[in-house]
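Each chain, letter by letter, is given below.
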Amino acid sequence: MSCLLEEWKTKEREWKNKIQELENQLEEERSARKELELLIEKKAFCINTVKDNDKLLRFYTGFENYEVFSMVLDFLGRETAAHLDYQNTENLGEIKHKYKPGPSRVLTVENEFFLVLCRLKVGLLEEDLSARFGVCQSVVSQIVNTWIKFIFFRLKELDLFPSREIVQLHMPECFRKKYSTTTLIIDATEIYIEKPNNPDAEQVTFSSYKNSNTLKGLVGIVPKGGILFVSTLYGGSISDKELTQKSGLIEKLQYGDVIMADRGFNIQEMLACKGVNVNVPPFMNESGQFNESELLETRRIASLRIHVERAMERIKNYHILDFVPITLCRNGIIDMIFFVCAMLSNFLPPLVDG
């Protein structure tokens, strides 16, 4: 009996030593895993990579800092975004109403939003994003398409047109001196697209001004610089006047509004019947010259209209618009992309001080 008891104690010590050894090994493995996870997190491309670097964050997202990034995501709705149905990518009209739990996400909501912003702002291709975020290209495509529609419909819910009282309240000093009644500055902008194979589409989209195939849109800003109107995109052959007629802008204007535009916008008569005035630079007289007052007027309007050009430059800083393939021109997705880029640029500091 004493021999068996001694043998049992020996076995018990061996087991305890073995258990202790395994526990030590487990602790070492846990520690090694934590270190590996930290290394992977540092090397992985994600929002945490740039959130503390304002310069990098603005480069990849267009936002000034991580606080703005988070604010925009909160406005869009983190919970709603977490339940977007990626399979519902074709029906543009239902995306704002139809949210399903769907499969478990590979990326967090923040990183999905970050991925989409990288596609828009830097113009990173889907293959590049696939490698950076460690997901397959088809997932990247689904994430981008679904989020574009989600952001578009969410922002479309906003009533962006302020009252004249609000515009006057925030009127910059440079407008108060001469054009204090201005409520809107408009201009047209064009983006290059891939040449269509269809001859009719090629003709409609050919811009003699750009000598290339383009899509053309109308953009309107308040004197402070915020973009409050973005039209659907039309073929580059459309005139500024016809673009204004088709854009839906006229329906939004009210009696007494004053618009500032380039002289190419021959819309004075069209808007006069609605009681809307249009300030455009003077046209040359019969001698082909400006008199002194006309020259001064031209310079004054040009110095203020430049702000709408700066606003359009902000939109085009979203490099997905550098050159648009035909695939993005189908199903209205390019209109959504253009609108989303324009609205996201409003989260930058005001264009006009004062």
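The numbering scheme is per chain: residues are counted from 1 as the chain's sequence reads. Reporting of local features is limited, given that this is a predicted model, to residues whose pLDDT is at least 70; pairs of side-chain atoms are given and counted only at 80 or more, and all residues count toward the totals for whole chains, interfaces and linings. Side-chain measures were taken over the full set of non-hydrogen atoms in the model, leaving aside hydrogen atoms and water.

So, the overall build of the chain
Part 1 of the reasoning: Across its full length, the chain carries 16 helices and seven strands.
Part 2 of the reasoning: Contact between two residues is taken to exist if any of their heavy atoms lie within 4.5 Å; hydrogens are not considered. At a minimum sequence separation of 6, the contacts of the chain that also span at least 24 residues come to 63%.
Part 3 of the reasoning: Every accessible area reported is derived by Shrake-Rupley at a probe size of 1.4 Å, with residue values counting cover from the shown protein chains alone. A total accessible area of about 19700 Å² is found for the chain, and carbon and sulfur atoms account for 52% of it. Working definition: helices are DSSP H or I runs of at least four residues, strands are E runs of at least two. Numbering for both runs from the N terminus.

Focus: helix α3 (residues 54-61)
Part 1 of the reasoning: A simple rule labels every residue: compare its accessible area, found with a 1.4 Å probe on the protein chains alone, to the largest value its type can have, and call it buried under 20%, exposed over 50%, or partly exposed in between. Among all positions in α3, only Leu57, Tyr60 and Thr61 are buried. In a view along the axis of α3, the buried residues occupy a sector of 80°, so they form one face of it.
Part 2 of the reasoning: Those residues of α3 hidden inside the fold are in contact with α2 (47-50), α4 (66-76), α6 (109-121) and α7 (126-133).
Part 3 of the reasoning: In protein, a polar contact requires one atom able to donate a hydrogen and another able to accept it; more generally it is a pair of N or O atoms within 3.5 Å, and residues adjacent in sequence count only if both atoms are side-chain atoms. Taking the backbone nitrogen of Lys55 as reference, a side-chain oxygen 3.2 Å away marks Asn53 as the first, capping residue of α3.
Part 4 of the reasoning: Within two residues after α3, Gly62 carries a phi angle of roughly 90°, on the positive side. To obtain the arc, one takes the directions from the helix axis to the C-beta atoms.

Here's the deal with the confidence of the model for the chain
Part 1 of the reasoning: For every residue, the pLDDT score states the predictor's confidence, bounded by 0 at the bottom and 100 at the top. Confidence along the chain averages 87 in pLDDT terms, with 88% of residues attaining 70 or more.
Part 2 of the reasoning: Long-range and interchain partners of residues 89-103, a stretch whose pLDDT sits below 50, account for 26 contacts in this model, where long-range means more than four residues apart.

Here's the deal with the side chain of Arg314
Part 1 of the reasoning: If you trace the backbone, Arg314 turns up in helix α15 (residues 292-316).
Part 2 of the reasoning: Within the buried set, Arg314 has no salt-bridge partner at all; the shortest N-O distance to an opposite charge, 7.1 Å, is to Glu64.
Part 3 of the reasoning: The residues touching Arg314, leaving out its near neighbours within four places in the chain, are Ser345, Leu348, Pro349, Pro350 and Leu351. Residues scored as positive are Lys and Arg, those scored as negative are Asp and Glu, and His as well as the terminal groups of each chain are ignored. Throughout this description, the term salt bridge denotes a Lys or Arg side-chain nitrogen within 4 Å of a carboxyl oxygen of Asp or Glu.

Some remarks on the packing of aromatic side chains
Part 1 of the reasoning: Aromatic rings from Phe, Tyr and Trp, with only the six-membered ring used for Trp, were paired whenever their centres fell within 6.5 Å, and each pair was classed as stacked if the ring planes differed by under 30 degrees, edge-to-face if by over 60, and tilted otherwise. Within this structure, the stated rule accounts for 15 aromatic pairs.
Part 2 of the reasoning: Arranged with centres 5.3 Å apart and planes meeting at 75°, the rings of Phe152 and Phe339 form a pair that is edge-to-face. Of this pair, Phe152 sits in helix α8 (residues 137-156) while Phe339 sits in helix α16 (residues 333-344); the two residues are 187 residues apart in sequence, bridging distant segments of the chain. Neither residue differs from the other here; Phe152 and Phe339 are each classed as buried.
Part 3 of the reasoning: Three or more aromatic residues link up through ring pairs in this structure, and these residues are Phe63, Tyr66, Phe69, Phe113, Trp147, Phe150 and Phe347.

Considerations on the packing of α3 against α6
Part 1 of the reasoning: Between N-to-C directions, angles span 0 to 180 degrees; the directions come from axes that are lines fitted to C-alpha atoms, helices contributing only their stretch in contact. Interhelical geometry of α3 versus α6 gives an angle of 70° and a closest axis separation of 7 Å. Regarding the angle of α3 to α6, the classification is roughly perpendicular. Here Arg58, Phe59, Tyr60 and Thr61 of α3 come into contact with α6, specifically with Phe114, Leu117, Cys118 and Lys121. Note on angle classes: values under 35 degrees are labelled roughly parallel, values over 145 roughly antiparallel, values of 65 to 115 roughly perpendicular, and the remainder oblique.

With respect to α6
Part 1 of the reasoning: One fewer than the residue count of a helix, multiplied by 1.5 Å, yields its expected span. Here α6 is 13 residues long and its end C-alpha atoms lie 18 Å apart, about the 18 Å a rise of 1.5 Å per residue gives.
Part 2 of the reasoning: With respect to burial, α6 is a largely interior element, 13 of its 13 residues being buried.
Part 3 of the reasoning: Positioned one or two residues after α6, Gly123 has a phi angle of 75°, which is positive.

Structural notes on the packing of α4 against α8
Part 1 of the reasoning: Where α4 meets α8, the closest approach of the two axes is 10 Å, and the angle between their N-to-C directions is 80°. The pairing of α4 with α8 is recorded here as roughly perpendicular in orientation. Contact residues: α4 offers Leu73, Phe75 and Leu76, while α8 offers Trp147, Phe150, Ile151, Arg154 and Leu155.
Part 2 of the reasoning: The residue classification treats Ala, Val, Leu, Ile, Met, Phe, Trp, Tyr, Cys and Pro as nonpolar and Asp, Glu, Lys and Arg as charged. All others, Gly included, are polar. In terms of residue class, the contact of α4 with α8 is built from seven nonpolar, no polar and one charged.

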